[in-house]
Amino acid sequence: TPAEVSVRRPAFAPDPFGEPREAMVQDHIVARGVEDEAVLAAMRRVPRHRFAPEVPPRRAYRDEPQPIGHGQTISQPYIVALMTERLGLEPDDRVLEVGTGSGYQAAILAEIVREVVTLEIIPALATQAAERLDDLGYTNITVLQGDGYYGHPSRAPFDAIIVTAAARHVPPPLVAQLRSGGHMVIPVGQMLWVQNLLLLEKDAAGEISTRNLASVRFVPLTGGH
Ligand code: SAM
């Protein structure tokens, strides 16, 4: 018998934004080809407006990035859904995210998998995201402040890794921390220009295969590396 997996999802109180949230899912995510039911359910549940307090709540449900302070953004909903789907997640997975930002992507992941570790380089954003996720009731997300280029070796290997800032190259420490058979999704390219959203898969022998999923535009991965 398979091991029982319980992801403790918060019980959200009803909010007045169910309608724009459903429209976001239908018009921008389902309509553009995302099919994974677990991903769609997560996008329908998580109150995105709570992660973008700097804009009017309805604006948070448009298919565009929004400012979250410190020159950073919460990513466009379609890209969040696409990246999450391509990780090929299973309920028992442990996932590493680089670039916590608002914590929204971490919440989407935490709806689907057992455990999420997320790294944010800007201390104030890390603190705010940790408080927000705690307020919302997530118990399976660890927010850590630091340079995500180096990943989090003490909790490796991870079943999946998602990087939500644009790197100039795929960080070798992250490749090392991905388990065999695991997937990584990462935007790679020159800073401030259009980047390639790459899907990496590590096979049983540790070999990496890479596919280009889309052209994207992310804020740069910073840090001293
Ligand atoms: N995933 C976020 C969300 O759901 O709100 C959006 C991420 S935002 C586009 C990119 C984030 O990556 C920013 O918060 C930025 O500070 C962070 N970042 C940039 N370089 C980093 C690094 N080396 N390590 C960790 N976080 C980094």
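Residues numbered from 1 in each chain as written. Predicted model: local features only at pLDDT ≥ 70, side-chain atom pairs only at ≥ 80, totals over all residues. Heavy atoms only, no water.

*Asks:* Teacher, can you tell me more about the packing of helix H1 (residues 18-30) against helix H3 (residues 77-86) here?
*Replies:* For any two helices packed against each other, the geometry comes down to the angle between their axes and how far apart the axes lie. It is the contact of H1 with H3, at a shortest axis distance of 9 Å, that shows an interaxial angle of 65°. Classified by the interaxial angle, the pair formed by H1 and H3 is roughly perpendicular. Once H1 is placed against H3, the crossing between them reads as right-handed. Contacts between H1 and H3 involve Met24, His28 and Ile29 from the first element and Pro77, Tyr78 and Ala81 from the second. Classifying every residue of the contact of H1 with H3 by side-chain character gives five nonpolar, one polar and no charged. (Axes fitted to C-alpha atoms, helices over the stretch in contact; angles between N-to-C directions. Helix = DSSP H or I, 4+ residues; strand = E, 2+ residues; numbered from the N terminus. Parallel < 35°, antiparallel > 145°, perpendicular 65-115°, else oblique. Left-handed = near helix turned anticlockwise from the far one by under 90°. Contact = heavy atoms within 4.5 Å. Nonpolar A, V, L, I, M, F, W, Y, C, P; charged D, E, K, R; others polar.)

*Asks:* Could you clarify how one ought to interpret the sheet that holds strand S3 (residues 94-98) in this entry?
*Replies:* As a general point, the strands of a sheet are linked pairwise by backbone hydrogen bonds and lie either parallel or antiparallel. Within the open sheet, the seven strands sit side by side as S5-S4-S3-S6-S7-S8-S9. Their pairing is mixed. With partners counted over all chains shown, the strands left at the sheet margins are strand S5 (141-145) and strand S9 (208-216), one partner each. Going from strand to strand, the sheet's axes swing by 15° on average, the running direction of each strand aside. Pairing geometry for S3 and strand S6 (residues 158-163), over four bridges, is parallel. Among the inter-strand pairings, Val98 is bridged to a residue of S6, identified as Val163. Strands in contact with helix H5 (residues 123-136) are strand S4 (115-120) and S5; relative to S5, the strand with the most contacts, it is inclined by about 165°. (Pairing = 2+ DSSP bridges.)

Without other data, these values stay purely geometric and don't point to any function.
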